[in-house]
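Structural overview for review
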Amino acid sequence: MRELIGLRRAGEHALRQLAPSGALRVLADALTEDPLPPSTSDEAIDATILFVDIEGFSDHVARTGDDAASRVLDLLDRAVADAIAGTSCRVVKRLGDGVMVATEDPGDGVSAAAAMPRRFAELVAAEGVGLRLRAGSHRGVVRRRGDDLIGYHVNVAARVAERASGGATLITGALRDSVQLAPALRADPAGRLVAKGVPERPRLYEIVHVAPAAT
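**Structural notes on the overall build of the chain**
Of regular secondary structure, the chain possesses seven helices and eight strands. Residues counted as buried form 47% of the 215 residues belonging to the chain. Pairs at least 24 residues apart make up 73% of the contacts formed inside the chain by residues separated by at least 6 positions. In the form shown here, the chain has an accessible surface area of approximately 10400 Å², with 50% of it arising from carbon and sulfur atoms.

**Let's talk about the pattern of salt bridges**
In this structure the tally under the stated criterion is 16 salt bridges. A salt bridge links Arg 144 to Glu 104, with the nearest nitrogen and oxygen atoms 3.5 Å apart. You can see Arg 144 sitting in strand β4 (residues 132-145) and its partner Glu 104 sitting in the loop between β3 (98-103) and α5 (106-127), a full 40 residues away along the chain. Salt-bridge contacts for Arg 203 lead to Asp 177; the nearest nitrogen and oxygen are separated by 2.7 Å. Of the two residues, Arg 203 is situated in strand β8 (residues 203-209) and Asp 177 in the loop between α7 (173-176) and β7 (185-192); the sequence distance between them amounts to 26 residues. A relative accessible area of 30% places Arg 203 in the partly exposed class. Members of the salt-bridge network, linked through shared partners, are Arg 78, Asp 82, Arg 119 and Glu 122.

**Details of the environment of Leu 170**
Its location among the elements puts Leu 170 in strand β6 (residues 169-172). A sequence separation of 19 residues divides Leu 170 from Pro 189, and the C-alpha atoms of the two residues are 9.5 Å apart.

**Some words on the side chain of Asp 42**
Position of Asp 42 relative to the elements: it lies in the loop between α2 (23-33) and β1 (43-55). Polar side-chain contacts of Asp 42 include one of 2.7 Å to the side chain of Arg 145.

**Some remarks on the pairing of strand β2 (residues 90-95)**
Examined bridge by bridge, β2 and β3 share five bridges and lie antiparallel to one another. Bridged to Arg 94 within β3 is Val 99. Remark: two residues form the turn of the hairpin made by β2 and β3, two consecutive strands paired antiparallel; Gly 96 in that turn has positive phi of roughly 60°.

**Thoughts on the packing of helix α4 (residues 66-84) against α5**
One can describe the packing of α4 onto α5 by two numbers: an axis separation of 8 Å at closest approach and a directional angle of 140°. It follows from the interaxial angle that α4 and α5 lie oblique. For the pair α4 and α5, the sense of crossing is right-handed. Touching Arg 71, Val 72, Leu 75, Leu 76, Arg 78, Ala 79, Val 80, Asp 82, Ala 83 and Ile 84 of α4 are Ala 112, Ala 115, Met 116, Arg 119, Phe 120, Leu 123, Val 124 and Glu 127, all from α5. Of the residues assigned to the contact of α4 with α5, the class counts are 13 nonpolar, no polar and five charged.

**Points about α4**
The terminal C-alpha atoms of α4 lie 27 Å apart, and with 19 residues this matches the ideal 27 Å at 1.5 Å per residue to within 8%. Within α4 the residues assigned to the buried category are Ala 69, Ser 70, Val 72, Leu 73, Leu 75, Leu 76, Asp 77, Ala 79, Val 80, Ala 81, Ala 83 and Ile 84. Of the residues one or two after α4, Gly 86 is the one with positive phi, at around 80°.

**Considering the packing of helix α3 (residues 57-64) against α4**
Interaxial distance between α3 and α4 falls to 7 Å at its minimum, and their mutual angle equals 140°. Relative to α4, α3 is oriented oblique. Residues Phe 57, His 60, Val 61 and Thr 64 of α3 form the contact with α4, whose own contacting residues are Asp 66, Ala 68, Ala 69, Val 72 and Leu 73.

**What about the nonpolar core?**
Core analysis: the biggest nonpolar cluster contains 27 residues, and Val 52, Ile 54, Leu 76, Val 101, Met 116 and Phe 120 have the highest contact counts within it. Those elements giving two or more residues to this core turn out to be β1, α3, α4, β3, α5 and β4. With nine residues, α4 is the largest single contributor of residues to this core. For Ile 54, the residues in contact, after removing those within four places along its chain, are Val 72, Leu 73, Leu 76, Asp 97, Phe 120, Leu 131, Arg 132 and Leu 133. Ranked by size, the runner-up nonpolar core spans 13 residues in total, among them Ala 47, Leu 149, Ala 157 and Ala 161.

Calculation criteria
- Residues numbered from 1 in each chain as written.
- Predicted model: local features only at pLDDT ≥ 70, side-chain atom pairs only at ≥ 80, totals over all residues.
- Heavy atoms only, no water.
- Helix = DSSP H or I, 4+ residues; strand = E, 2+ residues; numbered from the N terminus.
- Buried < 20%, exposed > 50% of the residue type's maximum accessible area, 1.4 Å probe, protein only.
- Contact = heavy atoms within 4.5 Å.
- Areas by Shrake-Rupley, 256 points an atom, 1.4 Å probe, with all protein chains shown as cover.
- Salt bridge = Lys/Arg side-chain N within 4 Å of Asp/Glu carboxyl O.
- Polar contact = N/O pair within 3.5 Å; in protein donor to acceptor, adjacent residues only side chain to side chain.
- Pairing = 2+ DSSP bridges.
- Axes fitted to C-alpha atoms, helices over the stretch in contact; angles between N-to-C directions.
- Parallel < 35°, antiparallel > 145°, perpendicular 65-115°, else oblique.
- Left-handed = near helix turned anticlockwise from the far one by under 90°.
- Nonpolar A, V, L, I, M, F, W, Y, C, P; charged D, E, K, R; others polar.
- Expected span 1.5 Å × (residues − 1).
- Core = buried A, V, L, I, M, F, W, Y, C linked by side-chain atoms within 4.5 Å.

Structural data, given as structure tokens:
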């Protein structure tokens, strides 16, 4: 949690400089337009990448000011930490209200992606704040450079999250095909991703929480 809060504070200035299009688009555009060249120190790994960000956060900052916005970012930190607790997921980095998480276990990735918007909704409801978290996740071979992960599939994951509406979790077919969903979850077809820098138009699925059967 301390690491998350430290990352949030470091990104607050960057947050105020973001264009209205949001953190995920800024990041995905940067990855698409200015890809980092390979390095001999890079390690190729099969990873599940997850991005989340807060829908409408820029407008919220404009209405409520930095202090209230900082409180919401604290709640985001807590939602992320709670969702990845007990899994192999780790926070890679954040940009403003966006958080990038990664794991080499696709099952853990899907579980965390499904849990984050729900946990965030619980936390902001207790504060009387009407904001929602959106999540997107994808699996592919990426390059590990130090603590960071880079490459085409990182961009795809960011684009998937950008496509999601607030409160929703979207995953690609590549990720859906590699996991067995928990009984409490289902994956509903959600079309294809049409986005800059993603020529193959991957299948999308929305992860939905299934209500327990009445007894």
